[in-house]
Every structure is written in C-alpha cells, then in structure tokens.
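# A look at the structure
Residue-level listing of the chains:
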Amino acid sequence: MILWAVIALVGMGALAWVFRFAGQSVTGNAPKFRDMPYGVAFGYVLGAAVLLWLVWAYTQGRSSDQAIANKFFFLRIAIEGFIIFAVAAWLFRILGRSLGTAWSKKMFRSMPLTASFGILTIIIYAIFAIFAGAIAPYGQEQIIPGVAANIVPGGDPALGGNPEFYFGTDQIGRDILSRLIYGAQNTVGIAFATTLLAFFIGGTLGFLAATLGGWLDQILSRLVDVLMAIPSLIFALLLMTIASVWAPQLGIPLTVFMVIIIAVIDSTRVYRLARAVGQNIVVMDYIEAAKLRGEGLGYLVFKEILPNATAPLLAEFGLRFCFVFLTIAALSFLGVGIQPPLADWGTMVRDLGGFVNYAQFAPLAATAPLLAAGAIALLTVAVNFVVDWMLHKSSGLKE
Amino acid sequence: MGNVLKIILQRLALGLLTLLIVSMVIFVAVNLLPGDFAQSILGQGATPEAVASIRTDLGLDRPPVTRYFQWLGGVLQGDLGTSFAQANFASFTGTDSGATTVAQQIAPRFANTMFLAMVTAAIAVPFSIILGILAALYRNTVFDRATNIFTLSSISSPEFFLAYILILFLAVLTPIFPSLSNIYEGMAFSERLEKSMLPALTLTLVVTAHMMRMTRAAIINLLASPYIEMARLKGLSPMRVIVKHALPNALAPIINVIALNLAYLITGVVVVEVVFVYPGIGQLFVDSVKIRDIPVVQACCLIFATAFILLNLTADIMSILSNPRLRHPK
Amino acid sequence: MTDQPLVKMRDVWLEGRSDELWNPIINGVDLTLQKGEVLGLIGESGAGKSTLGLAAMGYTRDGVRISKGSVEFDGIDLLTASAAVKRELLGKRIAYVAQSAAASFNPAHKLMDQHVEGPVQHGVMGRGDSEADGIELYRKLRLPNPDEIGFRYPHQVSGGQLQRCMTAMAMSCRPDLIIFDEPTTALDVTTQIEVLASIRDIVEQFDTAAIYITHDLAVVAQMADTIKVLLKGDEVETADTRTMLSAPTQEYTKSLWAVRSFERPLKPAVQTGAVPVVSVQNVDASYGTVPVLHDVSFDMHEGRTVAVVGESGSGKSTTARCITGLLPPKAGQILVNGEVMPPDYRKRNKDQLRQVQMIYQMADTALNPRMSIGQIIARPVEFYLGLKGRERRKRVDSLLEQIELEPSQYYHRLPSELSGGQKQRIGIARALAAEPKFIICDEVTSALDQLVAEGILRLLARLQDELSLSYMFITHDLATVRAIADEVVVMKDGRVVEQGPKKDMFKPPHHAYTDLLLSSVPEMDPDWLTNLLNERGVDNIGDAAVDKM
C-alpha cells in the first residue's frame, strides 16, 4: 500500500517534469511554460490523475457486476449529482440572464455558477417548505393503516422493502418520504424563525449600543463577551437540559424553548456585528451632520444608520441562518432538539443512521439517512455559496 | 519588554475574570431549575428518607450563594461534586454515595477527548496551513476555486453528515477503519490510533476547511501589503519574499487561526463522539444532558468553557508577542 | 550605446480589471528617458500616472495588464524578458520609492536589514560593505544619527525620516533609474521640503535617472528636467520644465497653471466695535486627559473668511469641534452673535444649532449614500424652516441653482452618481439650507483635484458676497489661504501662534514658525528650492528648524 503510494508519487513527479519540458519545446518556450515552477507542473499532473481516477470509478459504478457496482454506487451518484447540479445551475443562470428586469439580468450576468446553484437550491427548498402539505403523499404524523413499520428503504421486497414506499417507513410505520418533505417545513422553518428572532434581539441592541455608546454599550458588550466565552453548542445543551425540566411544568413545548435559547445565544454574534457595522457608520460625517442638526435617536437609527447597514446584515443573516440551522440539526441529532412528532431531518438521521451499514449489499437502503443529512448539508452549502458571492461582490466594490 | 509583560498580565487577569463569571453563569443557570431537585431525580416513588439523604449529600439544603462558593472551592481543588446518577444508584443499592465522584468519571474521558483532539490537530494543522498558503499564492486559479467549493461545502455540512460519509466510504464500502471507536484503558497506541481515526478525520474535515480559509484570507491580506510589493520590486526571489518578508508577519494571524479552530473543535467533538460512540467527554456530556445529571453537565460545561477561554487567550497573547511594534517600543 | 535611451516605452496601453471587465487606464503613451534625466509625471488622481510608472519597471499590480506596446530598459525588452532576467534588473538597476514609507518597510525587520538585502542578494557587495555604505547614504541624506538610525525598526522612525531611509535603500545598489511614486504626498509641508531637498541632492550626486510621479506642480517644478502631463490615461503634453512652466501649449495644461492665480480682492478692515458673528474666547480643550487646545481666542466677522492654518495635529479641527459643541471645552466660551453658547451641542436649541453649519473634507463620507440629493438637502429645510411639500421642493431647487447644479437633473440622483466636486457642492447646499450666517469649512478642497478645488473656492467666495456669510476655513494649504482668506490664524501644538489680516501675514516680519510654514510651501518657480536652500542653508529647513524653536 505504502509502496504503491510512493511509486505513484514518483511516477507523477517524473510526469510533471516531462509535462513541463514537453510544454516548453512544443510552444517554443512560451512564458507560461518557461516561468512555470515545478510545483505547478506537479499540480497539473496530480489534477489530471484525480480526474482520470474519477472517470474510472464512474465506469466501475456502471459495471454489470453487482458487487463492484454497489461498491462504486455512491461515487457514481455523487458524480452524477454534481454534473446534474452544475448543468441545472448553468441553465438557471442562462434563464436569469434572459428573463426579468434589467437589474436582475445584470445581477445574473456577473454571477458565478456556485451562486446561481445556491439561489436555485434555495428556491427549490422554499417551494418544498411552503407546499409540503401538497407535495408529500402522506401526513408527517400519519401512521398509515395496514402498512408495516420499519419497511427498509430502497423498495426491494427481497430485503424487506415495499415498492409503494420507496423510502420505507419508520419504526411506527410513518412514510419516510413524507417526513423528509415535511422536514423542509419544520427544520428550515424553525431555523428561519430562530434566526429572525436572533436578529431582532441582537440587531436592536447592537445598533443601540453603537449609537448611544457610554454605559449601555459597556454593559451590553461585557455581557456578550461573557456569553460568547461559552461555546455555543455546549451552552445550548446546558440550557436545554434545564428547559427540559421546565417545559412539562409550564406546559410549553420544548421546541419553543429551543428556539428562544438558540436565538438568545446567537443574538450575541449578531450584536457584535451590528455594533461593529453601526460604529463604522456612526463615525461617518453624515451622522455627525445629522447629530449637529439636532436629530433624534429614532431618525438617526432608522433613516441614517439602518439603510446603510442592510448589505452586511443581509450577508450575516445568511451565515447566521446556516449556523442556527446546523445547531438545531445537531441538537436534534443528539435527541434534545426538535421534538417528535414533528418530522425533522436531524432526528431522522439519528433514527435511520444504522442503515449506512447495509451499503455494500443494499446501497439504496443506505441512502435514506444520507438523504436527510444531505438535505441539511445541501441547503447550508447553497446559502453559503450565495453569501460568499455577496461578500465577494461587496468587497470588490470597495476597491 | 515590560510593556508587553503588562499587557499579557492584563489579558491573563481578564481571562481569569471571564472564567469566574462564566462559572457563575453556569451555576445560576443550573439553579434556575424549578422545584426540589432531589425529588425530581429520584422520581415520585422515592421514600422521604432517600430524598432527605440526597439533599444533605448534595448540599441542596444550603443557600445558593454558599453552595456556589462551596462548588467553586471544590472545583479549584479538583472536586467537581457527585454525579446524581451515581448518587441515585448508590442510594438504592445502599453503597457509599461518595464512591464515584464526577472528577473520577470525567478524568479518563477527558484524556480520551484530548487524545482525539491532538490526533486531529496533528493532521489538520500542517495540512490546512499548507493548503491555505497554496490557495493564497495561486488565488483565482482552478485549484483555488476547487478548494473554495470543497471547503465551503465541508464547513456547511453538519458534522454527522461528514461522519456518515466517512463511515460509508472508509468503513463500510472499503473497510479500512472501524466505524465504532471502542477505546479502553491499556490499549496499544497503534490500535488506539486506528480506532480514533474516523472521528479524527471527520473533525479534520471540518476544522481544515475553516483553518484553510482563514489562512488563505490572512496570507492574501498580507501579500497585498505595500512591503511585499516593495520586496518584489527589489528583485528578490519569490521564495525569499515568502520566507523573509511574508512569513514573519504571517505568524500572528496563523497562530490565531490555529487557536481559534482548536477552540472550534470543542463544539465539533460533541456530535462526532456521539456518532462514533467514542468514550470522550462530549459523549458523557450528551448522556448526562439526557438524564439531567446536573453536576456532570455543570462540570463538563465548565471544562469546555475553560478550554475555549484558554485557547482564545493563547491566540490573543501569541499575537501580542509576535507584534514588532509591541516587542520593540519606541 | 550612448545614444540609446535608458527607458523607451512605445505606445503602451494598460488595462485594469473591475467587475469582470478590462477597462483602459493608459491609452497608448510613449515615454523616453535618457541616462541621468529626471522626468516628472504629473496628473490628477486617476490619471494613471502610478500605473505607468510601475509599467516602466515591467511590473503591473494584480488586476492590471499591459495590453499593447513595448517597454525597453537599456535595450532589454521587459515585456518578453523572463522572470529571472527581470529580477536581476529590479532593485539592482531599477529601484522604486513608494508613497507610504511606513507601509512599504517590513515591520518585522530593522531598516538596515532591509537596506542591505538588495546589494547582498544581487551580489553587488557584502553585508559589511553595504552597511557601511548605508550609513554613508543616511549621512548624505542628512538623517539624524546616521550611525544608529538603521538599527531601528520602521515604526520607531518618523515619516519624513522613513521616506529618506527608503530613498537610501533605493540607492543601495546605485541603480540607473529610480521611480519615485508620490514620495512626499503624505508629509507635512515643513517635512516635505527636507525630503525634497535630500532626494534632489542625492539623485544629482549619483547622476541617477528618475521618474518623479506627483500631482503637485510646484513640487515637480523643483525636481524634474522634463515634465509629462497625463489626463485620464492620455498624454497631454511633454516639454522641458522651464518651457512647460512659461509656455504651455495645451488648454488643459494652461488651466492647471492658472489655478494658483485665483485671489480675492482685499476687503476693508472690520469696523471697530462690530459684534463678531462667532467669537472663540480663551478655549482650553482635551481628549480625555490629553490636552489639545491651550487658551485659543479669535473672532470671526460678518462676510469675512478666517483661515486657520497649521500642520496636522496643531488643533485646527479640534477648535472646530469646540465651536460646534461636539467637544465641550474644558475652559473658555464660544459666543455666536454675542450670545454665549452651551458648550455641549446636545444642550443647544434648534436655532443655536442652525446658526453654525459645517462642510466636511471628505464629501464621500459627509453624504448619506442611501439618500437622494433631494432628500439630503430637503431634510434641513424641513427640519429648521418647517417647509413642506411644494414649498420645500422650491427651496431645494433654488439651493441647487445656487450651487450651480441643474435641479431637475440632480434631485433624484444618489451621491455615488456624482463626481467629487459635485458632492462637495451638495455639502455646501446642505449647509446653506439651514440659512446660517457662519459656516465651518474643514479642508473642503484638500481631497479635490486643483481645477475642481478652484471651482469650489470661487463658488464659496460668490456665496459669501451674496449672502454675507462668514467662513472659518481650516486648511494646511497656503495657496488656498492666499486665494480666499481675509484674516489668518496660525496654530501650532494647540496654541495660536500668530493672527492678523492676510496682507500682513504674507509680509515679514513674522513669528518664526509662520515664517517657516510660509517659506516651506513650494512655488512654481523651478529655482525656488535652490534659492531657498541658498538663503536659509540646509540646516534651517524642515523638522530640523522646527526642533530649534
């Protein structure tokens, strides 16, 4: 194994040298090859090797031998998925460039593929979340009569599946596909509401601290320092423990406590940003001019500061949403987040996680937990791509 | 030099103060719990004697301020109290309730978690810094874009997703590493390493992505500075520009990145330990949260917070130490 | 060999990347530089002069490319030369002096380590020789403590000295060509003169060719043998310095030269006993515990301009902050129309606030980028005068007309759609909207190009005559003082060192500091620096002279 790795490395090293030399002689010593460092040549060869391997793995995944095909099934799906997403994003961008207002056309024209992929994905998630009731074949809490519990995903009767329930049923006989679709509504919806709450708390206090300064700023900032000194997931778990004692006594669902707890913990980060953004704006001369004019606090915050803070806040909203979404998913995965009977992706991953071990002989069965986890990942990746593009754009404007 | 020392001492004092306040926050949060705690642990069926014995055992009959200082005093001496679950168990079996303290329960698991963190750091730190520097040097190339997509995706994915993907490929489809990490004491180092490999790799994926992006940003920022342009315009070799002019100034941001990400590990470790059933402090924490074993939750929380604060403090102090303006005052 | 020029650039086109597009920066400029010749490259900001200067070294910054043309240095084609060949030239035969010395020295290494790096790496001389040579160069550049200064870190040395250290570093390999990229722009006038004198001296001594990039005509007149004027990436004209100064051929060049000639007629003296519009009386102020103003007193009368001059840190802007009430004075008082103002602006009523208006240096940060021009001007109209609807619109339109902008065209625009000069005009309109008698102008022209700045000064002068406004004009530029002031207040270290009518200020005898300040401002005469040095001696200019006071 190690020997093979060494041979491969040495081989590629030699190839890199040959590649550069060939480039130099073929192009008549063009600057591109003449000034190319050896490391870069090696990088090209390495990249080519990885691409070749992927092509090989893909053909293996399409092999007629079931054992080999199963082994490379997931790689095949990943490659196909990647290509489909890339093409979809590309088509979506073309669509965006030809339809809509001049403003949206201009936006799409300078958009990288990753961002158009992100926007497309977010739109699809939004559709699923809003119309979950119409799309899902069954209700999220519906225990379908006459259908067995624990139907294995994959729809293969030989392995305990049922073609009518392609994604199988869970331990009490609810349709997993429907629960996945409802997950979009619950998981995303709750995360969205939590982020909004966090922004409301953190944003208001942050701008107040930046505008007023003085004691209020000092007290709030020190408080936030202390709260931020405790890692957020740990703090959330601690507070959830306590909430789990309170919740039944007060008769409030634990999920509500979770929303409040995560919103408060996350609002500390929002506060920091809002205060920093606010302070950058407050030192501007136009704020000084407004102050010297005798304007009140309300005018200053709503007319002068907020309109100038929307761009960084919007980007931060995306990042915060991802963070909240992942925290909730983690809590649910650990069993203290969104509570049953609400369908939720984090909980589903925990419940279905065992199916991963069937991957070698029943690859479709193993996809169920990965689908739930992948649904979480896909949305956060999408949001992050969009935010990355927005940040890149706004930093580019400054130059 | 005295100047630097003063600043560092100030930061240390501030760190200690933060820790003290954090301990207070944790204590207060726990004491917000409604009703009689002893009752709620033992459940409705417990005899009044058992409840009373636990109350005195755990000191629940004293006022909160006294309890806080007793708890704090205990913590400073390494006594983290008695686990409720253990106390509960002891009161039923009639054995001495002091048999298993929280400290005894936590110690081996803490060591396991430290081991995991160190393996992760050993892989992630060199890997991500080299990748980060490469991405900065070859920015806006195919390589940079590919790593950007890859790292963004891995940051965005929940830890359990990465964990299952790794299990799928490295444990189920190609059985290289075991998917469960049953670590026990007295294990050979190599075996231990093998069993910890998947959780360590999962954490590596998450941390590397963060660290790489931050390193890249720090280096790009640095390469844009006029003194790097000046060094290039002096006709120095690219190697010398990097080693002599960029690196001494890159040290502070890179150390900062490392410390911050090790702090980030603390959060990641909880989920990853649960997925791989790794007997570390994260798993103990989650288990205790589920059974509401308050003293253990409190202790774990304090340990996590301490590690977090210490790492941030280290980052802070390192960046002060590497700042030439502070090291060589006017 | 002797006939061959040192630098030969032919039809050079440069492009910069923004928003995924390549935009032109330089459009086909030729440049020829003989050995030992000093060429002045001059133009307004954005004219592409720095980019062109760097291109002469065969270097482009990230996001810039040479799309066409040729650059030859001593017969070597820099555009096709390999990276190794270029490295051999850079530092050794071509050196660069950057605008900000503080940012261009590596903060992690001592000055001397950075100085010897070039010679040692290029194999010109050993470390010991190079160090000795460095000390010699420091001495030639008249740096204080030449034996010792090289062993300090960059942040331990002042800006003017750093700039000279960088010149020494550029000289370390005795290059054939040095590119000076605005080396004195960031410095105060008294420091600038010293750096100019030493740069000129050393370039002459070693017979080095140089390209001197600047936006300041008077500076370039002292330094260059030949001047090339650029405008938005195009060459306007090239001629030797004296011809260029005395007989420019192009309209644009003539207009640049003419700016400095604007001067207002003198006004009659203030009647004795007239109540000043604003009176600053014995004001002391401090930031926290650091005192910044000591016993500052002066009066400002109706229809007149008081110029407050001084270098950075002299307390000019702090005085303005005391008058507006942003920084309540520790002692003393501010009177407006004979009425004592509450020290803190929050304690002043609407009418008191209305009477003191301000125009800012950076028009970019003075206008809310999210408000339209109409909204920006309408707000004080509504706030102070209570006008609404059509009346308000009418007032805003008349204000826009007053600042010479067409109302229908500008009312709905955002600040980002305006040029620097137009933004500054909006700032003026906003101040006028409050119908004040007194306006503080804080360095209002220093961020603008000369032609635009002159337009603003003329506008302010016209408004003053029409509305009998009084201005407090904060500036460090004595040309501006000459153009617009009636009275002058000179400040240094938080104190007023001299004050009086302008005609007295520009005539000796003066307070020593005023004299130094006045004499340090470069003039368009190419012999000015030489004459000044002959007159005062090298030891009586710049920081050295300030230290003697």
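Notes on the structure in this doc start here.

What counts and what doesn't
- Residues numbered from 1 in each chain as written.
- Chains lettered and ligands numbered in written order.
- Predicted model: local features only at pLDDT ≥ 70, side-chain atom pairs only at ≥ 80, totals over all residues.
- Heavy atoms only, no water.
- Buried < 20%, exposed > 50% of the residue type's maximum accessible area, 1.4 Å probe, protein only.
- Helix = DSSP H or I, 4+ residues; strand = E, 2+ residues; numbered from the N terminus.
- Pairing = 2+ DSSP bridges.
- Right-handed = clockwise from strand over helix to strand, strands pointing away.
- Axes fitted to C-alpha atoms, helices over the stretch in contact; angles between N-to-C directions.
- Disulfide = S-S within 2.5 Å.
- Phe/Tyr/Trp six-rings, centres within 6.5 Å; stacked < 30°, edge-to-face > 60°.
- Lys NZ or Arg CZ within 6 Å of the ring centre and 35° of its normal.
- Parallel < 35°, antiparallel > 145°, perpendicular 65-115°, else oblique.
- Left-handed = near helix turned anticlockwise from the far one by under 90°.
- Nonpolar A, V, L, I, M, F, W, Y, C, P; charged D, E, K, R; others polar.
- Contact = heavy atoms within 4.5 Å.
- Buried area = accessible area lost by both parts, 1.4 Å probe.
- Salt bridge = Lys/Arg side-chain N within 4 Å of Asp/Glu carboxyl O.
- Polar contact = N/O pair within 3.5 Å; in protein donor to acceptor, adjacent residues only side chain to side chain.
- Core = buried A, V, L, I, M, F, W, Y, C linked by side-chain atoms within 4.5 Å.
- Patch = residues over 30% accessible without salt bridge, like charges linked within 9 Å, V, L, I, M, F, W, Y side chains within 5 Å.
- Areas by Shrake-Rupley, 256 points an atom, 1.4 Å probe, with all protein chains shown as cover.
- Lys, Arg positive; Asp, Glu negative; His and termini not counted.
- Charge placed at Lys NZ, Arg CZ, Asp CG, Glu CD.

Turning our attention to the pairing of strand 18 (residues 470–475) of chain C. Residues in a regular strand point their side chains to alternate faces of the sheet. All names here are of chain C. Counting buried residues along strand 18, six of its six residues qualify, which places the element largely inside the surrounding structure. Here strand 18 shows two buried faces, one formed by Ser 470, Met 472 and Ile 474 and the other by Tyr 471, Phe 473 and Thr 475. By the bridge criterion, five bridges tie strand 13 (residues 305–309) to strand 18 in an arrangement that is parallel. Pairing of Val 309 across the sheet is with Thr 475, part of strand 18. With five bridges joining them, strand 17 (residues 438–442) and strand 18 adopt parallel strand pairing. Looking across to strand 18, one finds that Ile 439 is bridged to Tyr 471. For the segment spanning strand 17, helix 19 (residues 450–467) and strand 18, crossover handedness is right-handed.

Our focus in this paragraph is the sheet that holds strand 9 (residues 226–231) of chain C. Residue and element names in this part refer to chain C. Taken together, six strands build an open sheet; the order of strands is 6-7-8-3-9-10 and the sheet is mixed. At either margin of the open sheet sits one strand with a lone partner, and together these are strand 6 (94–97) and strand 10 (234–240). Between one strand axis and the next, the sheet turns by 15° as a mean value, whatever way the strands run. As paired elements, strand 3 (residues 38–42) and strand 9 share four bridges and run parallel to each other. Bridging from a neighbouring strand, Leu 41 pairs with Lys 228 of strand 9.

This part is about the environment of Asp 207 of chain C. Looking at the secondary structure, you find Asp 207 of chain C in the loop between helix 8 (189–205) and strand 8 (209–214). Residues Asp 207 of chain C and Glu 148 of chain C lie 59 residues apart in sequence; the distance between their C-alpha atoms is 27 Å.

So, about the state of the cysteines. Residues and elements named next belong to chain C. Enumeration according to the criterion identifies zero disulfides over all chains in this entry. Of the cysteine sulfurs around Cys 173, a residue in no disulfide, the closest is that of Cys 165, at 16 Å. There is no disulfide at Cys 441, and the cysteine sulfur nearest it, in Cys 322, is 18 Å away. By relative accessible area, Cys 441 is classed as buried at 0%.

Moving on, we come to the packing of aromatic side chains. Counted according to the given criterion, the structure contains 20 aromatic pairs over all chains. Taking 5.7 Å as the distance between ring centres and 65° as the angle between the ring planes, the aromatic pair formed by Phe 285 of chain B and Phe 304 of chain B counts as edge-to-face. In this pair, Phe 285 of chain B sits in helix 12 (residues 281–291) while Phe 304 of chain B sits in helix 13 (residues 294–321), placing the two residues 19 residues apart along the sequence. Comparing Phe 285 of chain B with Phe 304 of chain B shows no difference in burial state: the two are buried. A network of ring pairs unites the aromatic residues Tyr 125, Phe 192, Phe 199, Phe 317, Phe 321, Phe 325 and Trp 345 of chain A as a single cluster. The ring centre of Trp 22 of chain C lies 4.1 Å from the NZ or CZ of Arg 65 of chain C, which sits over that ring. Seen from the ring of Tyr 411 of chain C, Arg 393 of chain C lies directly overhead, with NZ or CZ sitting 3.7 Å from the centre.

What follows covers the packing of helix 9 (residues 189–223) of chain B against helix 11 (residues 238–275) of chain B. Residue and element names in this part refer to chain B. Closest axis-to-axis distance for the helix 9/helix 11 pair is 8 Å, and the angle between their directions is 150°. Considering the angle they form, helix 9 stands roughly antiparallel to helix 11. The handedness of the crossing between helix 9 and helix 11 is right-handed. Taken together, the residues that form the contact of helix 9 with helix 11 break down as 22 nonpolar, six polar and no charged.

Another aspect to go through is the sheet that holds strand 16 (residues 356–359) of chain C. Residue and element names in this part refer to chain C. Spatially, 16-17-18-13-19-20 is the arrangement adopted by the six strands of the open sheet, whose pairing is mixed. Looking at the sheet topology across the chains shown, the edges are occupied by strand 16 and strand 20 (495–501). Within this sheet the neighbouring strands show an average axis-to-axis angle of 20°, counted without direction. For strand 13 and strand 19 (residues 487–492), the ladder comprises four bridges, and the chain directions are parallel. Within the sheet, the bridge partner assigned to Val 309 lies in strand 19 and is Val 490. Lying over the sheet, helix 19 contacts strand 13, strand 16, strand 17 and strand 18, oriented at roughly 155° with respect to strand 18.

As a further point, take the interface of chain B and chain C. Each partner contributes residues to the interface: chain B has 22 residues there, and chain C has 27 residues. Carbon and sulfur atoms make up 57% of the area that chain B and chain C hide from each other, which totals about 2,400 Å². For chain B, the biggest contributors to the area lost against chain C are Met 230, Leu 233 and Lys 234 of chain B; these three give 28% of the whole. Between chain B and chain C we count four salt bridges in total. Measuring nitrogen to oxygen at the nearest pair gives 2.6 Å for the salt bridge that ties Glu 229 of chain B to Arg 61 of chain C. Where chain B packs against chain C, one counts 13 residue pairs in polar contact (both at pLDDT 80 or more). At the level of elements, helix 10 (226–233), helix 11 and helix 14 (324–327) of chain B are the ones that each hand at least two residues to the side of chain B that touches chain C. Its residues assigned to classes, the side of chain B that touches chain C shows nine nonpolar, five polar and eight charged.

Turning our attention to the interface of chain A and chain B. Chain A puts 48 residues into the contact, and the matching count from chain B is 48 residues. Summing the contributions of chain A and of chain B, the shared interface buries around 4,300 Å²; its carbon and sulfur component is 81%. Its largest share of buried area at the contact with chain B, chain A owes to Ile 234, Leu 238 and Leu 334 of chain A, together 13% of the area lost on that side. A salt bridge links Asp 388 of chain A to Arg 213 of chain B; its shortest N-O distance comes to 3.3 Å. At the surface where chain A touches chain B, the tally comes to four residue pairs in polar contact (both at pLDDT 80 or more). Counting only elements with at least two residues in the side of chain A that touches chain B, the list comes to helix 4 (66–71), helix 5 (73–98), helix 10 (214–228), helix 11 (232–250), helix 14 (297–334), helix 15 (345–352) and helix 16 (363–398) of chain A. Broken down by element, the residue count for the side of chain A that touches chain B peaks at twelve residues, all from helix 11 of chain A. Of the residues in the side of chain A that touches chain B, the class split is 33 nonpolar, 13 polar and two charged.

Further remarks concern unusual backbone geometry. Residues and elements named next belong to chain C. Phi at Asn 145 is positive, roughly 45°, even though this residue is not glycine. Of note in this structure, Asp 207 is not a glycine but carries a positive phi near 55°. What makes Asp 207 exposed here is its relative accessible area of 54%.

On to the nonpolar core, then. Formed by 141 residues in total, the largest nonpolar core has its most connected members in Leu 237 and Trp 345 of chain A together with Phe 160 of chain B. Here this core takes 13 residues from helix 11 of chain B, the largest share from any one element. Residue contacts for Trp 345 of chain A: discarding those within four places in its chain leaves Tyr 125, Leu 180, Gly 183, Ala 184, Thr 187, Val 188, Phe 325, Ala 372, Ala 375 and Ile 376 of chain A.

Looking now at the packing of helix 6 (residues 102–137) of chain B against helix 13 of chain B. The description of two packed helices rests on the angle between their axes and on the distance between the axes. Residue and element names in this part refer to chain B. Packing of helix 6 against helix 13 leaves a shortest axis separation of 10 Å and a crossing angle of 45°. Taken as axis vectors, helix 6 and helix 13 run oblique relative to one another. Of the two possible hands of crossing, helix 6 and helix 13 adopt the one that is right-handed. Of helix 13, the residues touching helix 6 (which contributes Val 102, Gln 105, Ile 106 and Phe 110) are Pro 295, Val 296, Ala 299, Cys 300 and Ile 303.

Moving on, we come to a positive patch on the surface. A cluster of basic residues, Arg 97, Lys 106, Arg 109 and Lys 393 of chain A, forms a positive patch on the protein surface. In this fold, Lys 106 of chain A is placed in helix 6 (residues 102–109).

Alignment of strand 1 (residues 7–18) of chain C against strand 2 (residues 21–33) of chain C, held across nine bridges, turns out to be antiparallel. Within the sheet, the bridge partner assigned to Lys 8 of chain C lies in strand 2 of chain C and is Thr 32 of chain C.

So, on to the environment of Leu 39 of chain C. Residues and elements named next belong to chain C. One can find Leu 39 in strand 3. Relative accessible area serves as the criterion here: at 1%, Leu 39 is assigned to the buried category. For the pair formed by Leu 39 and Gly 288, sequence separation is 249 residues and the distance between their alpha carbons is 48 Å. Setting aside anything within four residues of it in sequence, one finds Leu 39 in contact with Leu 31, Leu 33, Ala 210, Ile 211, Tyr 212, Ala 224, Thr 226 and Lys 228.

Another point: the pattern of salt bridges. Under the defined criterion, the tally for this structure stands at 51 salt bridges over all chains. The residue Glu 295 of chain A makes a salt bridge to Arg 293 of chain A at a minimum N-O spacing of 2.6 Å. Given a relative accessible area of 6%, Arg 293 of chain A falls into the buried group. Between Arg 346 of chain C and Asp 344 of chain C there is a salt bridge; the shortest N-O distance is 3.5 Å. Through salt bridges with shared partners, a single ionic network connects Lys 35, Asp 74, Arg 93 and Asp 176 of chain C.

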